[in-house]
Amino acid sequence: MVSNDKAADNPLGPPPWLNAPPVEPYPYEDTHDLRSGPDLHPALLGLLPFIGLWRGRGQGGFPGVEDFNFAQEIRISHDGRPFLHYDSRAWILDDDSQPVRMANRETGWWRPVTTSEGRATDDMEATMCTPTGIMELYLGKVTGTRLEMEADAIVRSPTAKEVTAGHRLFGIVEGALLYAQEVAAEGRGLEPHMSARLLRIGG
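All of the points below concern the structure found in this document. (Residues numbered from 1 in each chain as written. Predicted model: local features only at pLDDT ≥ 70, side-chain atom pairs only at ≥ 80, totals over all residues. Heavy atoms only, no water.)

1. Brief notes about the overall build of the protein chain
Inclusion rule: In DSSP terms, a helix is any run of H or I states spanning at least four residues, a strand is any run of E spanning at least two, and both are numbered starting from the N terminus. Based on C-alpha atoms, the radius of gyration is set beside the globule rule, defined as 2.2 Å times the residue count to the power 0.38. Working definition: with a 1.4 Å probe on protein chains only, accessible area under 20% of the residue-type maximum means buried, over 50% means exposed, and in between means partly exposed. Residue-level accessible areas treat just the shown protein chains as cover; the underlying method is Shrake-Rupley with a 1.4 Å probe. The charge count includes Lys and Arg as positive and Asp and Glu as negative, but it does not include His or the ends of the chains. A charged residue contributes its charge at one atom only: NZ of Lys, CZ of Arg, CG of Asp or CD of Glu.
Within the protein chain one finds one helix and ten strands. When the helices and strands of the protein chain are placed in sequence order, the string is α-β-β-β-β-β-β-β-β-β-β. Taking 2.2 N^0.38 as the reference for a compact globule, 203 residues should give roughly 17 Å; the C-alpha atoms of the protein chain span a radius of gyration of 22 Å, well beyond that estimate. By principal-axis analysis of the C-alpha atoms, the protein chain measures approximately 75 × 40 × 35 Å. Looking at the protein chain residue by residue over its 203 residues, the buried ones come to 35%. Carbon and sulfur atoms make up 55% of the accessible area of the protein chain, which amounts to about 12,600 Å² in all. In the protein chain, the 19 positive side-chain charges and the 29 negative ones have mean positions that sit 2 Å from each other.

2. Some details on the sheet that holds strand E1 (residues 52-62)
Defined as follows: At least two DSSP bridges between two strands are needed for those strands to be called paired. To obtain an axis, a line is fitted to C-alpha atoms, over the contacting stretch when the element is a helix, and the angle between two such axes runs from 0 to 180 degrees between their N-to-C directions.
Here ten strands make up a closed barrel; going around it, the order is E1-E2-E3-E4-E5-E6-E7-E8-E9-E10 and the pairing antiparallel. On average, each strand axis in the sheet is tilted by 25° relative to the strand beside it, whichever way the strands run. Where strand E2 (residues 65-77) meets strand E3 (residues 84-93), nine bridges bridge the pair, whose relative direction is antiparallel. Pairing of Phe 70 across the sheet is with Ile 92, part of E3.

3. Some thoughts on unusual backbone geometry
Among all residues save glycine, negative phi is the norm, and among peptide bonds the norm is trans. One non-glycine residue, Glu 174, lies in the positive phi region at around 50°. The residue Glu 174 is located in the loop between strand E8 (163-173) and strand E9 (176-185) in this model. Within the chain, Glu 186 stands out as a residue other than glycine whose phi angle is a positive 55°. By secondary structure assignment, the location of Glu 186 is in the loop between E9 and strand E10 (191-202). The exposure class assigned to Glu 186 is partly exposed, which follows from its relative accessible area of 39%.

4. Description of the environment of Ala 176
Quick note on the threshold: Contacts are assigned to residue pairs with any non-hydrogen atoms lying within 4.5 Å of each other.
With respect to the helices and strands, Ala 176 occurs in strand E9. Assessed through its relative accessible area of 1%, Ala 176 is described here as buried. With 77 residues separating them in the primary sequence, Ala 176 and Pro 99 have C-alpha atoms 22 Å apart. Those residues within four positions of Ala 176 in sequence are excluded, and the remaining contacts are Trp 54, Gly 171, Arg 197, Leu 198 and Leu 199.

5. Focus: the environment of Tyr 26
As for its position among the elements, Tyr 26 is in the loop between helix H1 (6-9) and E1. Judged by relative accessible area, Tyr 26 falls into the exposed class, the value being 61%. Sequence-wise, Tyr 26 and Leu 53 are 27 residues apart; in three dimensions their C-alpha atoms are separated by 22 Å.

6. Topic: the nonpolar core
Which entries qualify depends on this criterion: What makes a nonpolar core is a set of buried Ala, Val, Leu, Ile, Met, Phe, Trp, Tyr and Cys residues whose side-chain atoms join them at distances within 4.5 Å.
Phe 50, Trp 110 and Phe 170 are the most contacted members of the largest nonpolar core, which totals 30 residues. Among the elements of the structure, E2, E3, strand E5 (120-129), strand E6 (134-143), strand E7 (146-156), E8, E9 and E10 are those that each provide at least two residues to this core. Sequence-distant contacts of Phe 170, defined by excluding residues within four places in its chain, comprise Phe 50, Tyr 86, Trp 110, Thr 145, Arg 146, Leu 147, Met 149, Leu 177, Leu 178 and Tyr 179. In terms of nonpolar packing, the next biggest core, distinct from the first, is built from six residues, Phe 62, Ile 134, Val 163 and Ala 185 among them.

7. Here's the deal with the pattern of salt bridges
Our working definition: A pairing counts as a salt bridge when a side-chain nitrogen of Lys or Arg comes within 4 Å of a carboxyl oxygen of Asp or Glu.
Applying the stated rule across the entire model yields 13 salt bridges. Here Asp 87 ties to Arg 105 by a salt bridge, and the two come within 3.5 Å at their closest N and O atoms. Note that Asp 87 is positioned in strand E3 and Arg 105 in strand E4 (residues 99-114), a separation of 18 residues in sequence. Arg 168 is paired through a salt bridge with Glu 136; the nearest N and O atoms lie 3.0 Å apart. Note that Arg 168 is positioned in strand E8 and Glu 136 in strand E6, a separation of 32 residues in sequence. Each member of the pair, Arg 168 as well as Glu 136, is classed as buried. Salt bridges sharing common partners tie together Arg 55, Glu 73 and Arg 89.

Given below as structure tokens:
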């Protein structure tokens with residue numbers, strides 16, 4: 001005999017969140033401005049020069065794609081825990097530096113490797129993800145105001161471009177954020193993909 005009693009079908013009863021009251025907005029601040037928000041985690045002191053809101057321009061290219069000029073905004077922020085949030089938005093520029101269309105977006109996390117005592121080492125781990133179906137794990141090192149990373153693993157969706165390797169170099173030079181990115185794609189070896197110079201506009 002099959003019971004129609006819902007309580008019998010679910011002996012654990014309704015989940016505790018079923019009739020819970022509404023939740024307030026997220027209570028923890030994320031900031032790119034070291035003058036406000038949570039204290040910077042001690043493990044991030046070596047990455048402090050990178051934290052901020054940056055905006056600038058660069059040039060890019062890709063196998064099968066004509067070289068292009070772009071503008072970019074990068075926000076590198078923290079919430080008091082031992083990692084940084086990296087968020088990038090780019091847009092294509094015409095020859096008169098006017099916006100043509102939206103370009104790549106990317107989000108990720110930079111995390112210094114720490115010792116068992118919680119002290120940061122020079123080793124870095126980073127995860128980066130794009131809406132084009134590519135997810136990358138980077139390993140690298142911080143040396144002063146220079147961060148160099150190489151892709152250790154790349155996962156892509158069935159419809160994404162065939163990217164098989166990556167290399168990134170970031171640096172703070174005369175107060176600006178400079179970077180160069182290389183990718184191996186479509187059966188080719190590592191080739192320049194994007195490079196830019198961005199000025200600090202916040203933080």
